[in-house]
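Residue strings, one per chain:
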Amino acid sequence: MTNPRAYMDWNATAPLLPAAHEAFVRVADMEGNPSSVHREGRAVRAEIESARRVVADALGAKSANITFTSGATEAANMVLTPDFRMGRSPLAFGRLYVSGIEHKAVFEGGRFGETDVSVYSVDHNGVADLAMLQAMLEAHDKTAGLPMVALMLANNETGAIQPVAEAAKIVHANGGILVVDAVQAFGRMPLDIEALDADFLIVSSHKIGGPKGAGALVARGETMMPTALIRGGGQERGHRSGTENAAAIAGFGAAARDMKDCLDERGLALAVRRDALELELRAIAPAIVIHAENVERLPNTTFFSLQGLKSETGQIAFDIEGVALSAGSACSSGKVGESHVLKGMGLDPRMGALRISFGSTTTEADIERTIEAFRRLTSRMRKADAV
Ligand code: PLP
């Protein structure tokens with residue numbers, strides 16, 4: 001039986017993988033507290049530590065440097081702070097530099113004061129302007145602390161891949177550290193903290209087919225860490241107190257294991273499909289604008305605009321046709337807001353844009369349904385124009 005709906009919003013949340021579901025349910029049924037010393041507690045602890053090893057391995061990091069959190073937003077708020085420790089000594093960051101296309105979890109600046117956050121631009125393709133970043137870092141006044149820079153690896157709306165390793169060189173040459181939001185890149189392209197030369201990575205479980213409500217802050221080294229955001233019982237080596245969400249973490253580990261096995265093959269297959277889909281969309285509406293089309297992009301993402309097609313009406317029209325897609329980042333209120341990413345790219349943020357994002361279990365029928373929905377939608381637009 002064919003699925004009556006096509007789920008094309010994987011960048012908002014990827015469907016739960018069977019292996020993640022199995023691990024989640026199994027660990028949710030375990031009775032121990034992972035901090036308890038008895039056998040029941042140790043069994044849950046073993047699940048968390050196994051997930052930690054898998055997540056670390058998938059990112060080229062050491063498992064001791066993974067701090068599990070409730071998700072990427074918490075990890076961002078944990079690391080984006082002026083107050084760090086280098087071993088036992090305090091270490092201060094005076095200013096945070098974020099690109100104009102960061103996800104709100106980062107763009108809001110975490111624990112930095114509003115006036116201590118500067119934004120550096122992106123070009124019309126949505127790729128960070130490193131010359132501007134360099135100029136800003138060269139002008140940075142170190143008396144109040146070192147510079148901290150955030151640059152995401154892949155943008156959640158356009159999918160555009162950012163020049164992270166190049167940015168790292170500039171940041172380090174200017175005595176700063178680089179925090180990389182790798183939420184959308186994780187599972188969709190090879191990822192290695194050493195190769196990226198990043199100081200911290202932020203990842204989230206539900207974008208790779210794990211449960212919602214788990215994520216991690218990944219540090220490259222052991223000694224430099226932000227002061228804890230959540231204090232209490234000292235779990236996660238004192239970096240994040242509170243009893244761990246063991247079931248979600250186990251599911252996260254299972255998803256990371258599954259994803260690592262055939263990442264390259266999957267990426268290639270997704271790109272082939274994305275290119276075929278875009279050809280069809282363009283054949284239906286030659287005036288379509290596919291954002292970041294001419295730069296390296298995630299293989300699963302198409303973010304497009306069409307004159308006269310508003311985000312909100314487009315989203316609803318696709319939904320009625322049985323296609324779940326979104327207007328960009330998933331807003332907590334469910335409202336379609338103006339895209340700060342489009343604005344950052346120098347485009348009119350009121351310009352309607354829709355995002356199709358899919359993944360490994362997307363079928364040909366899902367793609368077909370999406371194309372047909374677009375065909376009907378544009379044909380209705382043409383008829384309305386003709387009246
Ligand atoms: N960063 C990016 C690029 C995202 O796409 C998202 C989720 O939409 C987040 C951060 C926040 O992740 P979480 O839902 O785990 O807090």
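Structure's up top.
Residues numbered from 1 in each chain as written. Predicted model: local features only at pLDDT ≥ 70, side-chain atom pairs only at ≥ 80, totals over all residues. Heavy atoms only, no water.

Caption draft 1: Quick look at the side chain of glutamate 321. By secondary structure assignment, the location of glutamate 321 is in the loop between helix H10 (311-320) and strand S13 (323-324). Its relative accessible area of 16% is what places glutamate 321 among the buried residues. A distance of 2.8 Å separates the side chain of glutamate 321 from the side chain of arginine 376, its partner in a polar contact. Excluding its chain neighbours within four sequence positions, the residues that come into contact with glutamate 321 are Arg369, Ala373, Arg376 and Arg380. (Helix = DSSP H or I, 4+ residues; strand = E, 2+ residues; numbered from the N terminus. Buried < 20%, exposed > 50% of the residue type's maximum accessible area, 1.4 Å probe, protein only. Polar contact = N/O pair within 3.5 Å; in protein donor to acceptor, adjacent residues only side chain to side chain. Contact = heavy atoms within 4.5 Å.)

Caption draft 2: Fine view of the packing of helix H2 (residues 39-59) against helix H8 (residues 246-261). The contact between H2 and H8 brings their axes to 8 Å, and the two run at 35 degrees. Remark: the crossing between H2 and H8 carries left-handed chirality. Packed against H2, whose contacting residues are Val44, Glu47, Ile48, Ser50, Ala51, Val54, Val55, Asp57 and Ala58, the element H8 presents Ala246, Ile249, Ala250, Phe252, Gly253, Ala256, Arg257, Met259 and Lys260 at the interface. The class makeup of the residues in the contact of H2 with H8 is 12 nonpolar, two polar and four charged. (Axes fitted to C-alpha atoms, helices over the stretch in contact; angles between N-to-C directions. Left-handed = near helix turned anticlockwise from the far one by under 90°. Nonpolar A, V, L, I, M, F, W, Y, C, P; charged D, E, K, R; others polar.)

Caption draft 3: The sheet that holds strand S11 (residues 289-290), seen in detail. Spatial strand order, S11-S12-S14: three strands in an open sheet with antiparallel pairing. The open sheet terminates on both sides in strands that have one partner only, identified here as S11 and strand S14 (354-357). Taken together, the four bridges between strand S12 (residues 301-305) and S14 define a ladder with antiparallel strand orientation. Bridged to phenylalanine 304 within S14 is leucine 354. The strands touched by helix H9 (residues 263-284) are S11, S12 and S14; relative to S12, the strand with the most contacts, the crossing angle is about 20 degrees. (Pairing = 2+ DSSP bridges.)

Caption draft 4: Representation of the site of the ligand within the structure. Taken together, Gly71, Ala72, Thr73, His103, Met152, Asn156, Asp181, Val183, Gln184, Ser204, His206 and Lys207 form the complete shell of residues around the ligand. At 2.7 Å, a side-chain N or O of serine 204 approaches an oxygen atom of the ligand. The side chain of lysine 207 places a nitrogen or oxygen atom 2.5 Å from an oxygen atom of the ligand. Protein chains shield 86% of the accessible area of the ligand, which is 400 Å² for the free molecule. Taken together, the residues of the shell around the ligand sort by class into three nonpolar, seven polar and two charged. (Near = heavy atom within 4 Å. Areas by Shrake-Rupley, 256 points an atom, 1.4 Å probe, with all protein chains shown as cover.)

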